[in-house]
Amino acid sequence: MPKPDKKVIDRIQELKEQISYHNYLYYVLDSPEISDVEYDRLFDELLELEKKYPELITPDSPTQRVGATPLEEFKTVRHSLPMLSLNKSTSEPEFLDFHRRVLELSGVEEKKIKYTVEPKFDGLAIELVYRKGIFSIGSTRGDGVVGEDVTQNLKTIKTIPLKLLGKTLPELLEVRGEVIINKDDFEKLNKQREKMGEPLFANPRNAAAGSVRQLDPKITSSRPLNMFVYGTGRVEGKSLSNHWDSIHYLKELGFKLSQWVELCDNVDQVKSYYDKLLKLRSALPYEIDGMVIKVNEFVLQEKLGELSRSPRWAVAWKFPAQQENTKIKDIIVSVGRTGALTPVAILEPVRVGGVEVSRATLHNEDEVKKKDVRIGDTVVIQRAGDVIPEVVSVVSSKRTGKERKFLMPDKCPVCGSKVERPEGEAIHRCTGIACPAQIKENLAHFVSKGAMDMDGLGYKFLEQMVDKKIIQDQADLYFLKKEDMMKMDRMGDKLAENLLNAIDKSRNPSLINLIYALGIRNVGYHLAGVLAKNFKSIDNLAKQTVDDLTQVYEIGPIVAQSIYNFFHNPKNLKVLEKLKKGGVKFPVEKAKIKETPLSGKTFVLTGGLDSFTREEATKIIEEMGGRISSSVSKKTDFVVVGKYPGSKYDDALRLGIKTMNEEEFKKMTGK
Ligand code: IVH
């Protein structure tokens, strides 16, 4: 292999810098200085040199955006500071309530409060970690505490710098923002998918999220993704005192910041910004679903603190949902995983906020009656962010008299079993324990990501398996043989083997995935984690009474009852037994940590410790059975006070919470 001389090394360095710079001009600033041909020439020269001297390839080289091979699965990443969500307000009075609380709790004069206002992007929240200016890890928000490592995929997004611009770079920088896809790119992508017979994305947000969570970075790189920054996580080696400066600092480092961020001196300016942004909404190339208002000064943010999972210093003022008129062609009933019957309006397709809608939920019978929705009616349809489109109201002036009333069926449209409406509930349910609709939905949940994660077992496949009576419940999947597979349409040797492999690979789930997979009503992924952590095994979980369950922080009586019911239903117990027989390992996590002086106590850390980093201290506390909270409240047991403590120390004194210094903390933990 040829040895590079200094000239080559310098040229490579120069090319990397030039390409990154032109990349930045083109993607971030939208104002290129050179032609595509010139850009390609630089890029090809770099490729050529790197091919000759592969030892000179560095991870921040622009050629490394799509170099990686597909992953088997995503690793998880723990955010060093939790990624919080936002409280919502939907009207001016609600926003003013927020403002009043800010005034009250911060105790400062109204004219001292400034707000940064920003669009609320409708995409996927992510965090990027830069060490000494080089992009090192990128992750999704996940549940706010733990996300997925999607570094390879984020590297393919051109608005994400691989190396920060500027001479003096922070030792560590965590950047937060939203990955989005433009409305017109979303349309193009869906048209392409339609042509290829692939399932369509429901909206740009799903398209962005689906593209980032791809195991093969080549697929991500083919999607026109963009990233807007809206804040920082941990920062070391740069001091910042307010939000406005920090997002503009990010801009200087090469990130894309929305051109619509503004700093407001008073609430009137915030209100005018809302009006302006609402008018601008449809003209923006990407979807936004409101604005975000943030108290600007970091000292005030600290003082206001946060409440469970959202800060008291910020609020999302959401825009009203987008509405359109269309006609109801029919009303059908769909049967869900829990047997719930939902009336669904089949519509003449209509575009609502850039997305085609052909179905809308009518929720339940009472809703249909209350709104007096009939087949043939012209109705107002609304789409609001996440939610499935819904029918808001009937345009009664369009009634012709030919409309037909909808009747809730008394037999399940899928299995013919009796339909019941339990007392005090609004929902009708199918009583058939072997209802194929319920089985199919349960199976689809069971095999999905985060549950047993059986790659390749799509809904169509499961549907056929149930219709052909090859499987009747989740456990039957583990008894499938190749002959059974070959009974499916369009099945080949290779595919059958792959599917059997995917099933086999799922026999060793984590406890959290297994609990989630069971599909216990009201238990989503987050709660599955809470249950796994507290009860350590399925067998132990199954033994708990409703009272025991409600002892767990985060578990209320309704969830506790549904967990209890699940494990006292003989049908479910049979499935659990069968799963074990089918070779599924039921993990048993290490026994509960023995009682320590920290067990069950809530800690808040403030200031720097000499012997531990904040993460290390957190880990020690959690491992010894304690809990960490980011703000001081009456429920806090101890505040550990290090060097240069922040306002949390004052809060502790004010509320009379016990404080301890580093020495005392070491003594308590025996470290
Ligand atoms: S700030 C503590 N700013 O909204 C503040 N979030 O409900 C946390 N989002 O997960 C976030 N645009 O995905 C912030 N300009 C913006 C945003 C924004 C969109 C999303 C973000 C987050 C969710 C919070």
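Just above sits the structure.
Residues numbered from 1 in each chain as written. Predicted model: local features only at pLDDT ≥ 70, side-chain atom pairs only at ≥ 80, totals over all residues. Heavy atoms only, no water.

Re helix α8 (residues 243-252)
Reasoning step 1: When α8 is considered as a whole, its buried residues turn out to be H243, S246, I247, Y249 and L250. One side of α8 holds all its buried residues, which, seen down the axis, span an arc of 150°.
Reasoning step 2: Those residues of α8 that are buried lie in contact with β3 (115-121), β7 (172-181), β8 (225-236), β10 (288-295) and α10 (298-304).
Reasoning step 3: Where α8 begins, one side-chain oxygen reaches toward the backbone nitrogen of W244, 3.2 Å away; that side chain belongs to N242. (Buried < 20%, exposed > 50% of the residue type's maximum accessible area, 1.4 Å probe, protein only. Helix = DSSP H or I, 4+ residues; strand = E, 2+ residues; numbered from the N terminus. Arc of directions from axis to C-beta. Contact = heavy atoms within 4.5 Å. Polar contact = N/O pair within 3.5 Å; in protein donor to acceptor, adjacent residues only side chain to side chain.)

Side note on unusual backbone geometry
The bulk of non-glycine residues show a negative phi, and the bulk of peptide bonds are trans.
Reasoning step 1: Here the phi dihedral of H363 falls at roughly 65°; this positive angle occurs in a residue that is not glycine.
Reasoning step 2: Summarising the element assignment, H363 is placed in the loop between β16 (355-361) and α11 (365-371).
Reasoning step 3: For H363, a relative accessible area of 32% translates into the label partly exposed.
Reasoning step 4: Notably, K536 is not glycine yet its phi reads approximately 70°, a positive angle.
Reasoning step 5: Positionally, K536 belongs in the loop between α17 (525-535) and α18 (538-543).
Reasoning step 6: You can call K536 buried: its relative accessible area is 17%.

Overview of the pattern of salt bridges
Reasoning step 1: Summed over all chains, the structure comprises 45 salt bridges.
Reasoning step 2: Note that D372 and R374 form a salt bridge whose closest N and O atoms lie 3.1 Å from each other.
Reasoning step 3: On the basis of relative accessible area, D372 is assigned to the partly exposed category, the value being 30%.
Reasoning step 4: Salt bridges linked by common partners bring E365, D366, K369 and R421 together as one network. (Salt bridge = Lys/Arg side-chain N within 4 Å of Asp/Glu carboxyl O.)

Notes on the packing of aromatic side chains
Reasoning step 1: The full count for this structure, using the stated rule, is 17 aromatic pairs.
Reasoning step 2: Where Y26 meets Y27, the ring centres are 4.8 Å apart and the plane angle is 70°; that geometry is what we call edge-to-face.
Reasoning step 3: Taking relative accessible area as the criterion, Y27 reaches 30% and is therefore assigned partly exposed.
Reasoning step 4: Taken together, the ring pairs connect F95, F98, Y115, Y274, W317 and F319 into an aromatic cluster.
Reasoning step 5: Seen from the ring of Y249, K238 lies directly overhead, with NZ or CZ sitting 4.6 Å from the centre. (Phe/Tyr/Trp six-rings, centres within 6.5 Å; stacked < 30°, edge-to-face > 60°. Lys NZ or Arg CZ within 6 Å of the ring centre and 35° of its normal.)

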